[in-house]
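# Descriptive analysis of the structure
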Amino acid sequence: MRRSFDEEFSALAEGMFARRPEDFPPGAFTFENFMWGAAIVSSRAYGDDEDGSFLAVPPLVDFLNHQAGALQLTRFGNGIVAYAHKHYDKGEEAFINYGGKANAQLLSQYGFLIDGNADEAVFLRLGEHLLIEEPLADQKRGLLEQLFGDGVDADTAILKLARRPREWLGLLLPVVRALALTAEDEVPENAWDLQAPQQARLEDAKARLAEGWPSGGISERNSLGLRLQISEQELLAEALVQVAERKEEALAMG
Ligand SMILES: C[S@@+](CC[C@H](N)C(=O)[O-])C[C@H]1O[C@@H](n2cnc3c(N)ncnc32)[C@H](O)[C@@H]1O
């Protein structure tokens, strides 16, 4: 982050500031002041999408602190509305929600952390934590690009692993399976087919349970294990369907 601020400031200083010193006096347009401005924008500005388009620092609304469970700001036309998620007594501090951010994001953007943050997550970077290696590197890259969609570059993509497995299981498993491919005949035509073995395992667990305890040969402990496996597989299957639907929607929207 610091490096990107350094680079941005150098580009401005060598370009715009150097060309127009009468508009950008060197005494005011220092790196220190630039960093102050960047911190103000990062911690107080509100944008209406992930890219931070149409950023604004809305007066008064920027006094509101973050609390999990409060509501995020809503944009209506040219205005910004902060809705209360509960009744506030006179004098009580009102909160908004800065969005489901992990502690690393909260720390770098706002300078604070939340103990036991329900939105805590780790980020796995392709090319750093997960490597696309031979054999079949080109096929793996193609499958990953299909899984990530939206023109994401497979060599630099980032996977977010949040506390709620539903948010990532459906994508992480096929990605890891794609990276683990070793033989040409294992390469599926469609990357989403890499989820299929889960369905087979679910059917297998159900069949074994149907034959088993208490009448058949498996113990109560094994039966419990199978039940857990089934609910886990069902949860996963549900997550996979949701991810596939989202991908299809994104594709349909071009
Ligand atoms: C948009 S401003 C909120 C108003 C700010 N507290 C003020 O005094 O002007 C965001 C900043 O408030 C602080 N902040 C907001 N929510 C917080 C929280 N839950 N715990 C600690 N600091 C928080 C952080 O310093 C953050 O960068």
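Attention here is on the structure that accompanies the text. Note that the structure is predicted; figures quoted are calculated from it, not measured. (Residues numbered from 1 in each chain as written. Predicted model: local features only at pLDDT ≥ 70, side-chain atom pairs only at ≥ 80, totals over all residues. Heavy atoms only, no water.)

## Quick notes on helix α1 (residues 2-19)
Applied cut-off: Helical segments are the DSSP runs of H or I of at least four residues, strand segments are the runs of E of at least two, and each set is numbered from the N terminus. Expected span of a helix, by definition, is 1.5 Å for each gap between consecutive residues, and there is one gap fewer than residues. The bend reported for a residue corresponds to the angle between axes fitted to the seven residues ending at that residue and the seven starting there. Each residue's exposure class comes from its accessible area (1.4 Å probe, protein chains only) as a fraction of the maximum for that residue type: buried when under 20%, exposed when over 50%, partly exposed otherwise.
Taking 1.5 Å of rise per residue, 18 residues should cover 26 Å, and α1 covers 25 Å from first to last C-alpha, within 8% of that figure. The largest bend along α1 reaches roughly 40 degrees and is located at A13. All of the buried residues along α1 are F5, F9, G15 and F17.

## Thoughts on a nonpolar patch on the surface
Our working definition: Patch definition: residues with relative accessible area over 30% and no salt bridge; like charges joined within 9 Å; nonpolar side chains (Val, Leu, Ile, Met, Phe, Trp, Tyr) joined within 5 Å. A 1.4 Å probe and the Shrake-Rupley method give the accessible areas. Residues count as covered only by the protein chains that appear here. Any Lys or Arg side-chain nitrogen located within 4 Å of an Asp or Glu carboxyl oxygen qualifies as a salt bridge.
Taken together, the side chains of L71, F76 and Y83 make up a nonpolar region of the molecular surface, amounting to roughly 290 Å² of accessible area. Positionally, L71 belongs in the loop between β1 (65-66) and β2 (74-76). L71 sits in the partly exposed class, given a relative accessible area of 36%.

## Re the site of the ligand
Under the convention used in this document: Distances are taken per atom, and a residue is near a molecule or strand as soon as one of its heavy atoms is within 4 Å of it. Side-chain atoms alone can form a polar contact between residues adjacent in sequence; in general such a contact is a pair of N or O atoms within 3.5 Å, and within protein one must be able to donate a hydrogen while the other accepts it. Each residue gets one label: Ala, Val, Leu, Ile, Met, Phe, Trp, Tyr, Cys and Pro are nonpolar, Asp, Glu, Lys and Arg are charged, and the others, such as Gly, are polar.
All residues in the neighbourhood of the ligand are listed as S43, R44, D62, F63, L64, N65, H66, Y98, Y110 and F112. Here an oxygen atom of the ligand and a side-chain polar atom of R44 are 2.7 Å apart. In this structure, N65 approaches the ligand through a side-chain N or O atom, which is 2.6 Å from a nitrogen atom. Burial of the ligand by the surrounding chains reaches 64%, relative to a free accessible area of 570 Å². At the level of secondary structure, the elements contributing two or more residues to the shell around the ligand comprise α2 (31-44) and β1. Here the shell around the ligand is composed, by residue class, of five nonpolar, three polar and two charged.

## Brief notes about the packing of helix α4 (residues 137-148) against helix α5 (residues 169-179)
To keep it simple, the criterion reads: Axes, fitted as lines to C-alpha atoms, cover a helix only where it is in contact. Angles between the N-to-C directions of the axes lie from 0 to 180 degrees. If an angle is under 35 degrees, it is roughly parallel; if it is over 145, roughly antiparallel; if it lies from 65 to 115, roughly perpendicular; otherwise it is oblique. Should any heavy atoms of two residues lie within 4.5 Å, those residues are considered in contact.
It is the contact of α4 with α5, at a shortest axis distance of 9 Å, that shows an interaxial angle of 170 degrees. Compared by their axis directions, α4 and α5 come out roughly antiparallel. On the side of α4, the interface is formed by K140, L143, L144, L147 and F148, while α5 contributes L171, P174, V175, A178 and L179. Per-class residue counts for the contact of α4 with α5 are nine nonpolar, no polar and one charged.

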